[in-house]
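So the chains spell out like this:
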Amino acid sequence: MSLSQNAPTSKANKREELKKQYKDGEEIVSDDDLTRGKRRKTDKEKEKLQESEVVEMKKLENLIFGSLYSPVTFGKEEEEDGSALFHVDRSAVRQIPDDEELSDEETGQVVGIRKGEAAWEDEEEKQINIDIASVNRLRKLRKEENEGLISGSEYIARLRAHHAKLNPGTDWARPDSQMIDGESSDDDDTQNGGVDDILRTNEDLVVKSRGNKLCAGRLEYSKLVDANAADPSNGPINSVHFHLNAQLLLTAGLDRRLRFFQIDGKRNTKIQSIFLEDCPIRKAAFLPNGSQVIVSGRRKFFYSFDLEKAKFDKIGPLVGREEKSLEQFEVSQDSNTIAFIGNEGYILLVSTKTKELIGTLKMNGSVRSLAFSDNGKHLLSSGGDGQVYVWDLRTMKCLYKGVDEGSTCGTCLCSSLNGALFASGTDRGIVNIYKKSEFVGGKRKPIKTVDNLTSKIDFMKFNHDAQILAIVSTMNKNSVKLVHVPSLTVFSNWPPPNSTMHYPRCLDFSPGSGFMAMGNAAGKVLLYKLHHYQNA
């Protein structure tokens, strides 16, 4: 009875003591807090006891089974007290480089395996002879035709050599000792800072090759805004020509207007338009030096437009000549001579400075096309007799003439800028590409015959580095072909599929071949960007 009465009293006393202990604003701890504290203390004691038991178990396991929980380290000296039950035997068989010698202790304990040597050899292989001539699938191992029996070791060596020949592997998988002189492994590259140098720069790791070798097969290009979108022509476009600054483009046609555009591929701003009342324009071209524009039509005269003075001069008729038309001409690369096609096989040579006739050349047949070569020193001509003439303008004589293979009537000629190549087109759609040096030397066989078009060839043009040859026929729609000259193949994606070029009539490349402009019979000048070339 007394116990039951004293119990509540003891609890009350504890509460009073706690209140006194934490009086004056201090935190008062409740009975629940005291109970939780005891439980936490008990839990911590249990965890410490379990950890001590785990440590004791690991020590016992290490004593019995060795070091299970700590990694084995090689190259450290063993403790002198010999407390460890096990030790690492470093005298095991290892590979020894060719230039390293075995110590006396190692020699007495084990024989090292040198790098590249077999760990074990079968003595019977040297005693076995194999007839490689009697088995069909082994005959490829013979070094001589009459070879028959070889030893087993030689047989294995030849099998390995044949396997290495069929499966050369890759450089990165070869050990450093097998690297060819002059090569280096990835580790060497890292040590030399090769990878670090790449990671330190923000430049493109893969850079497109521009201005060098053009790839065959497919031509990379983009269609841009029409060059004459600001002022389309009302008639067919007969001439498009880029100025040497690559920004100025002239267009001319039967609407008697000579137009100039500033080409940027986006706006193509119109600069000027000039109307020639008495001359439907058949051809117009800049002089290579960019100082003048020569304009001609089916007339006895032609025009010269001075770009600096913005002045037109009317020249003709030429003294001593009765030609009724001077519509077709070519300008030499040195800007000194203009060659007009005359009557009855005559070629008329006119000075660009005086605008006077300085000489004539005479072919056996009629003249249909002209092309200057070798910086204006030579002139090529072809016509109704199916032959190509090579003229030396310094002596005014014919150097060579030869039959254009498969041609009965030449209709078009063009020469590369360096004069190494020239192309001849015929009335049957055949284009022959020649090396000029071989043709003049007597070899009349063309290096390539392009027969992709079936109608008369009216226009051809090499780009500035002679990697592209454009071929145009005005008789059919979309009849334009671009030839990859280095491989002598036609680009498969030109003309563009599902596009209407109408009837093409003329074409020109910008000085750096970045742009290509093509005039058609609908009065439009289509403009394309060739991605391979960086400069316009």
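Residues numbered from 1 in each chain as written. Predicted model: local features only at pLDDT ≥ 70, side-chain atom pairs only at ≥ 80, totals over all residues. Heavy atoms only, no water.

(A) Structural context of the pattern of salt bridges. For the structure on display, the rule yields 17 salt bridges. Note that Asp-226 and Lys-223 form a salt bridge whose closest N and O atoms lie 3.0 Å from each other. Judged by relative accessible area, which is 17%, Asp-226 ranks as buried. With relative accessibility at 43%, the residue Lys-223 sits in the partly exposed group. Between Arg-259 and Asp-231 there is a salt bridge, with its nearest N and O atoms 2.9 Å apart. (Salt bridge = Lys/Arg side-chain N within 4 Å of Asp/Glu carboxyl O. Buried < 20%, exposed > 50% of the residue type's maximum accessible area, 1.4 Å probe, protein only.)

(B) Unusual backbone geometry, seen in detail. Following Gly-316, the chain continues into Pro-317 via a peptide bond in cis, with omega recorded as 0°. Within the element layout of this structure, Pro-317 appears in the loop between β13 (311-315) and β14 (329-331). Each neighbour pair has its own omega, and for Trp-494 with Pro-495 the value is 5°, a cis peptide bond. Take Pro-495: it is sitting in the loop between β29 (489-490) and β30 (504-509). Non-glycine residue Asn-268 carries a positive phi angle of around 50°. Locating Asn-268 in the fold gives a position in the loop between β8 (257-262) and β9 (269-275). Positive phi outside glycine occurs at Asn-375, with the angle close to 55°. Relative to the helices and strands, Asn-375 is located in the loop between β18 (367-373) and β19 (378-383). (Helix = DSSP H or I, 4+ residues; strand = E, 2+ residues; numbered from the N terminus.)

(C) Seen up close, helix α4 (residues 152-166). Its 15 residues give α4 an end-to-end C-alpha distance of 21 Å, which sits within 8% of 21 Å, the value for a rise of 1.5 Å per residue. Those residues of α4 not exposed but buried are Gly-152, Tyr-155 and Arg-158. Each buried residue of α4 sits inside an arc of 120° when the element is viewed along its axis, so together they form one side. Those residues of α4 that are buried lie in contact with β3 (129-131) and β4 (149-151). (Expected span 1.5 Å × (residues − 1). Arc of directions from axis to C-beta. Contact = heavy atoms within 4.5 Å.)

(D) Representation of the environment of Leu-469 within the structure. Looking at where Leu-469 falls in the secondary structure, it is placed in strand β27 (residues 468-472). Residues Leu-469 and Ala-423, 46 residues apart in the sequence, show an inter-C-alpha distance of 8.7 Å.

(E) Inspection of the packing of aromatic side chains at higher detail. A full pass over the atoms with the stated rule returns 15 aromatic pairs. Ring geometry for Tyr-303 versus Phe-312: centroids 5.7 Å apart, planes at 90°, classification edge-to-face. Since its relative accessible area comes to 23%, Phe-312 is described here as partly exposed. On the numbers, 4.6 Å between centres and 35° between planes, the contact of Phe-305 with Phe-312 is tilted. A cation sits over an aromatic face here: Lys-223 above Tyr-528, 5.8 Å from the ring centre. Lys-314 extends its terminal NZ or CZ atom over the ring of Phe-301, reaching a point 4.0 Å from the ring centre. (Phe/Tyr/Trp six-rings, centres within 6.5 Å; stacked < 30°, edge-to-face > 60°. Lys NZ or Arg CZ within 6 Å of the ring centre and 35° of its normal.)

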